[in-house]
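Structure at a glance
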Amino acid sequence: RAPEAERDLTLSALRLAESLGGKSVVIGGGDVATAVLDFARGQNITRILVGRPHRRGLRKWLVGSTADRVVAGAHDLDVSIVGAQERPTTLAATMIARTREALDIRRSDKLRWPRYAYAGVVATVATLIGSTMHGAFELSNIVMVYLLGVVAAAFFLGRGPSILAAVLCVAAFDFFFVPPYLTFAVSDTQYLVTFGVMLVVGLVISELAARVRLQARIAGYREERASALYDMSRELAATDKLEVIVGIAVRHVSDVFASQVVLLLPDADGRMRYPKAQSGYGSLHGADLNIAQWVYDHTEPAGLGTDTLAGSDTHFVPLAAPGRTIGVLALLPANPRRLFVPEQRRLLETFAGQIAVAIERAQVAESARAAELRAQTESVRNALLAAISHELRTPLATILGASSTLAESDALSDAARRELARNVSEEARRMSDVIAKVLDLAKLQAGATRVQLEWQPVEEVVGAALSRLAARLARHHVTTALPARTKLARFDSLLIEQVLVNLLENAAKYSPEGGHINVGADFRHGELVVTVTDDGPGLVSGEEAKIFEKFYRGAAGGGPGGVGLGLAICKAIVEAHGGTIRAENIPAGGAMFEFTIPQEGVAPVVERELETEAH
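Okay, so let's go over this structure. (Residues numbered from 1 in each chain as written. Predicted model: local features only at pLDDT ≥ 70, side-chain atom pairs only at ≥ 80, totals over all residues. Heavy atoms only, no water.)

1. Here we look at the sheet that holds strand S5 (residues 302-303)
Across the sheet, 5 strands lie side by side as S4-S3-S7-S6-S5; this open sheet has antiparallel pairing. Each edge of the open sheet is held by one strand with a lone partner, namely strand S4 (272-273) and S5. Of the strand pairs in this sheet, strand S3 (residues 259-266) and strand S7 (residues 324-333) are connected by 6 bridges, and their pairing is antiparallel. Across the sheet, the residue bridging to Val262 is Ala330, located in S7. With respect to the sheet, helix H10 (residues 242-257) is in contact with S3 and S7, its orientation differing from that of S3 by roughly 150°. Packing of helix H11 (residues 289-298) onto the sheet brings it into contact with S3, S4, S5, strand S6 (315-321) and S7, and relative to S7 it is tilted by some 140°. (Pairing = 2+ DSSP bridges. Helix = DSSP H or I, 4+ residues; strand = E, 2+ residues; numbered from the N terminus. Contact = heavy atoms within 4.5 Å. Axes fitted to C-alpha atoms, helices over the stretch in contact; angles between N-to-C directions.)

2. Observations concerning helix H8 (residues 159-177)
The terminal C-alpha atoms of H8, which comprises 19 residues, lie 26 Å apart, in line with the 27 Å expected from a rise of 1.5 Å per residue. When H8 is considered as a whole, its buried residues turn out to be Gly160, Pro161, Ser162, Ile163, Ala165, Ala166, Cys169, Val170, Ala172, Phe173, Asp174 and Phe177. (Expected span 1.5 Å × (residues − 1). Buried < 20%, exposed > 50% of the residue type's maximum accessible area, 1.4 Å probe, protein only.)

3. Quick look at the pairing of strand S9 (residues 477-481)
Looking along a regular strand, one sees side chains alternate from face to face of the sheet. Burial along S9 is one-sided: Val478 and Thr480 are buried, while His477, Thr479 and Ala481, pointing the other way, are not. Here S9 pairs with strand S12 (residues 516-524) via 5 bridges, running parallel. Paired with Val478 across the two strands is Ile517, which belongs to S12.

4. Observations concerning empty space enclosed by the protein
The final tally for this structure, using the stated rule, is 2 cavities of 30 Å³ or more. Of the voids in this model, the largest cavity is the one considered here, and its volume is about 60 Å³. The wall of the largest cavity is formed by Val256, Phe257, Ala258, Pro333, Ala334, Asn335, Arg338, Leu339 and Gln344. Breaking the lining of the largest cavity down by element, the ones donating at least two residues are H10 and helix H12 (336-339). The class makeup of the residues in the lining of the largest cavity is 6 nonpolar, 2 polar and 1 charged. Its boundaries defined by the atoms lining it, the second largest cavity holds a volume of some 40 Å³. As for the second largest cavity, its lining consists of Val458, Val461, Phe491, Ile496, Leu500, Leu528, Val530 and Phe595. Every element with two or more residues in the lining of the second largest cavity is listed here: helix H15 (458-468), helix H16 (493-510) and strand S13 (527-534). In the lining of the second largest cavity, the residues fall into 8 nonpolar, no polar and no charged. (1 Å grid on protein atoms, 1.4 Å probe; cavity = no way out; pocket = protein on both sides within 12 Å on 5 of 7 lines; lining within 4 Å. Points joined across faces, edges and corners; volume = space filled by probe spheres on them. Nonpolar A, V, L, I, M, F, W, Y, C, P; charged D, E, K, R; others polar.)

Encoded structure:
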């Protein structure tokens, strides 16, 4: 509400105080002196400095100055009055200044005269209403109409227009309704008391209404600031992605402070750089990176509104976290004066602090993720080396022993030589299988293996898997249960064949010689469902999900060891098809492995008579 020059002087004084180590605080309350004293006592302040009062004469006696009221109420505090003596002024200048202050007439860009014209309209309307009541109602009722008009003017127009409305209403009541009519003369002196009380009541009402309006506006501004801070804090707390945090910060700061904003972060060398993310709403282009670098290095604001590089049209704020500076926030305000109101500046500092904490949290989270990834990589590498070394040690020992015997012994029979050669071949094939599984899993996890989906019969891929394992399954009873009415399924035949081979190898490994293994396929709820069951010892309770992890080897039945990659490869292939795989125990004994593959579209139906085949 203050004139522009007075506002600038106040803000510069506050900045000077803060640069000297002071702290500015905005206090709310109905009376300045009471609010200052209450704040001083609440903060254990023992000394108050106030400016020298300038009110003189009757106004000083009736209203009193803030300094006088502080001195009167500071019974337990020291109060010092500072300031130069008031310069002498002419009586005309004094009267004009006091008239402007009383009527709230200030130099401003706002157009205020229409409100005073509306004050005259209020007095006119009240007079018209009073003229219709004259003769039928007592004059006291007409006085109430005028007071109602003053209240309306105070509520809608403000302090100055309401004071003018009160004066006009008193004059109109005297002129139109107090004998002698149409003159300002008063025949009965009791009306002078009426005029005085009416004027005082009107002035008091206008002052109270103006204060209520001002306090409501201040409360509204503070609620908006608190809401804006809460909204930004809530969004920042919901993410730990640096790019998202930068976007949230720019959007909220731009909206609250009516500015173009950019958040500048340092590179690996500590040099300020523009963010790589695409600019959005409220983004600032062309901020001076040299000023931002100075702010980052010195952790002090610079640019517009400061004593450092004040010629810039952009305000730079450091994003300071405990122990270090995270980055710099640059703002190009549409209205620079609004940005440097004490509450706005304090809100900006709070915003900067919240943004700095969020960015630091994102950086810590990124470092934690990188450390976790390194730890996982190291763990996988160690597990891989341990598993491969364990799996390769036995076949290497067999190959070494057999080859040494073949090379050094001349007394071996042909049958013995063939047996040793066969052992070398089998163990070499075992080593090849281990290495192939490791490479397959590495390709699947790296995304190097692409799924080629084609429509094809299920029984063909089942038959291909059984053919590959004919030797391994020769000592087991294998049955296939495929539906007579078979639809073509959409999948990658080579990869699904690998899944079936791994599942069948696992079943053969843990099933006793002469055991039963069954392969079944069916369509349910738009999915291809394939099962592989055996009558082995089953799964240990609690390991149904763990057996699909890398390098995990089931402990059921004490079966032969393995590298622990077969089922992990099955899971990776099935998930690459968008399906799921699971394992469970069969109540009758044994284990069942089931995987599903979603089927999109309608495949043709092939009519065939498929009998259960035994191998």
